[in-house]
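# Structural characterization, general
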Amino acid sequence: MKKYCFFLLPVLLLASCKPAVRKESRTVFALGTVCSIQLFTEKPQSKADTVLQICTRRLEELERHLSANAEISTLIDINKASGVSAVNVPADIYPLFERAMFFAEKTDGAFNPVIGGIVKLWNIGFENARKPEDRDIRDALFRTGYKDVQLTGTAVFLKKAGMKLDLGAIAKGFAADELTRIVRQAGIAHAVIDIGGTISAVGKRPDGKRWNIGIRDPRVQQGQPVISAAIESCSISTSGSYERYFEQDGVRYHHIIDPATGYPVRNNMIAVSVFSDSATDADALSTACFVLGYEKAVKLLAELPDTEALFIFDDNSVCTTAGLAQHIKVLDSAFRLADMNKHITGK
Ligand code: FAD
Ligand code: MG
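No experiment lies behind these values; they were computed from the predicted model shown.

### Quick look at the nonpolar core
Among the nonpolar cores identified, the biggest contains 75 residues, and Leu-39, Phe-97, Leu-167 and Phe-311 are the most heavily contacted of them. The greatest single-element share of this core, amounting to 8 residues, is contributed by helix 7 (residues 279-292). Ignoring any residue separated from it by four or fewer positions in sequence, one finds Phe-97 in contact with Leu-66, Ile-78, Val-89, Leu-151, Val-156, Leu-165 and Leu-167. Listed in part, the 22 residues of the second largest apolar core include Val-21, Ile-199, Trp-211 and Ile-215.

Right, here's the structure in full:
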């Protein structure tokens, strides 16, 4: 299995502290990506180290249960038992499966956690990524019906043989929520958790101000932030077409699949960042919004309380939902905030 490390889209811009508050941090490679935990605390270093250790162990546990790429994981067991039997899931991870199915229903399958068979065919992010044969895509699409997933309360059953779960679009968010829970339970009020670009800001900065999260131009690797967002007690997840992709015969194929066709989504968006108090929801929704396209995404977000989003389009225009506009600053003049209706057909 190749470990693939893609670059992070959002970066932390500012984190100034009260003198007594120290920053204790750790960066680990887990869930196929770079995960960083920054704690801002007055607690003794040994206490902060223990919290960082517990966080690291939780990430390792989640990887053992949720990896679609490892040789062994609970998720692989579920996939292997497809069409045959249900597989028990640890009680502390079961809510992730419920939430994944909630968003599958809510988005009419635009967010599809049983897209695994199609994801494996494309293998984007791995060495042998290639455009599959059309007939293989058509064939795999028969085993991506999210209505064929049965949750029993303690177990998961994929009703059709050959169905494959892939939680790559939601599990990093769940991990960020899990680490936030650990950090809060330890009495740490200020922290930033970054699971491969899915970021949870715990509380405010130690100086009482909001955290500033920078969003880069997704097309420029390691570039400076072009937009900043001021947030508190909030998670951000970004999905885009420039994070994992390969090129074949001059065509770029990226990793976010339209479950209706089995091909990478094509639209005029290059990235969407979703802001929510749940990182799990932000993660699922950023992928869903990318698949749905701007107009349907805006309708979906309007039905969800306390959920905002920022969309970047290929002409460098930027749209935000109404509740977010006041917290956004454009830092690079190549980008401009546009009217929300700009990308709605007929307006
Ligand atoms: P997101 O938009 O959040 O998710 C896109 C991903 O979700 C795609 O890559 C695909 O897997 C899936 N997907 C595509 N279309 C849809 C759709 N319509 N609905 C639902 N899901 C969809 N990567 C590696 O390269 N090597 C590893 O060893 C590895 N291990 C991992 C282990 C775990 C437990 C997890 C959760 C992920 C792992 N990954 C690994 C994947 C990687 O870390 C990210 O999850 C992946 O890059 C997608 O994250 P994203 O935020 O960029 O995109
Ligand atoms: Mg996602």
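### Structural notes on the pairing of strand 16 (residues 269-276)
Most of strand 16 sits inside the fold, with 8 of its 8 residues counted as buried. Note: strand 11 (residues 234-240) against strand 16, 6 bridges, orientation antiparallel. Along strand 16, the bridge assignment pairs Ser-237 with Val-274. Pairing between strand 16 and strand 17 (residues 308-313): 6 bridges, direction antiparallel.

### A short note on the coordination of the magnesium ion (ligand 2)
With distances of 2.1 to 2.5 Å, the protein atoms coordinating the magnesium ion (ligand 2) are Ala-169 (O), Asp-283 (O), Asp-283 (OD) and Thr-287 (OG1). Ordering the donors of the magnesium ion (ligand 2) by residue number gives the pattern A-x113-D-x3-T. Residue Asp-283 and its partner Thr-287 are both found in helix 7; the two are separated by 4 residues, about one turn of the helix. For Asp-283, a relative accessible area of 4% puts it in the buried group. Taking relative accessible area as the criterion, Thr-287 reaches 13% and is therefore assigned buried.

### Concerning the pattern of salt bridges
This model, assessed by the stated rule, comprises 17 salt bridges. Close ionic contact of Arg-336 with Asp-315 constitutes a salt bridge, the shortest N to O distance being 3.7 Å. Taken together, the residues Arg-336 in strand 20 (residues 336-337) and Asp-315 in the loop between strand 17 and strand 18 (317-320) connect sequence positions 21 residues apart. A residue is classified by how much of its surface remains accessible, and Asp-315, at 30% relative accessible area, is partly exposed.

### Examining the site of ligand 1
Residues in contact with ligand 1 amount to 31 residues; listed here are only the nearest, Leu-31, Lys-172, Ser-239, Ile-257 and Thr-287. The contact in question runs from a nitrogen atom of ligand 1 to an N or O atom on the backbone of Ala-110, over 3.0 Å. Between Ile-257 and ligand 1, the recorded distance is 2.8 Å, taken from a backbone N or O atom to a nitrogen atom. Expressed as a share of its isolated accessible area of 960 Å², the protein-covered part of ligand 1 is 96%. When residues of the shell around ligand 1 are traced back to their parent elements, those giving at least two are helix 6 (171-185) and helix 7. Tallying contributions element by element places helix 7 first for the shell around ligand 1, with 3 residues. Taken together, the residues that form the shell around ligand 1 break down as 16 nonpolar, 9 polar and 6 charged.

Analysis parameters
Here the residue numbering is sequential within each chain, running from 1 through the sequence in written order. Just so you know, chain letters begin at A and ligand numbers begin at 1, following the order they were written in. Since the coordinates come from a predicted model, pLDDT governs what is reported: local features require at least 70, and pairs of side-chain atoms require 80 or more to be given and counted, while whole-chain, interface and lining totals use all residues. Side-chain figures throughout are based on the complete set of non-hydrogen atoms in the structure, without hydrogens or water. Side-chain atoms within 4.5 Å link the members of a nonpolar core, which is a set of buried Ala, Val, Leu, Ile, Met, Phe, Trp, Tyr and Cys residues. Partly exposed residues are those whose accessible area sits between 20% and 50% of the maximum for their type, while under 20% is buried and over 50% is exposed, using a 1.4 Å probe and protein chains only. Helix and strand definitions follow DSSP, with helices as H or I runs of at least four residues and strands as E runs of at least two, each counted in order from the N terminus. By the convention used here, residues are in contact when the closest approach between their heavy atoms is within 4.5 Å. Paired strands are those between which DSSP finds at least two bridges. Here a donor is any nitrogen, oxygen or sulfur atom (N, O, S) within 2.8 Å of the metal, with 3.2 Å used for Na, K and Ca; water is not among the atoms considered, so some sites may look incomplete. Any carboxyl oxygen of Asp or Glu within 4 Å of a side-chain nitrogen of Lys or Arg constitutes a salt bridge here. If a single non-hydrogen atom of a residue is within 4 Å of a molecule or strand, that residue counts as near it. Pairs of N or O atoms within 3.5 Å make up the polar contacts considered here, provided that, within protein, one atom can donate a hydrogen while the other can accept it, and that residues adjacent in sequence are counted only when both atoms are side-chain atoms. Here the accessible surface of atoms and residues is derived via Shrake-Rupley with a 1.4 Å probe, and residues count as covered only by protein chains that are part of the display. Throughout this entry, Asp, Glu, Lys and Arg are counted as charged residues, while Ala, Val, Leu, Ile, Met, Phe, Trp, Tyr, Cys and Pro are counted as nonpolar. The remaining residues, Gly among them, count as polar.

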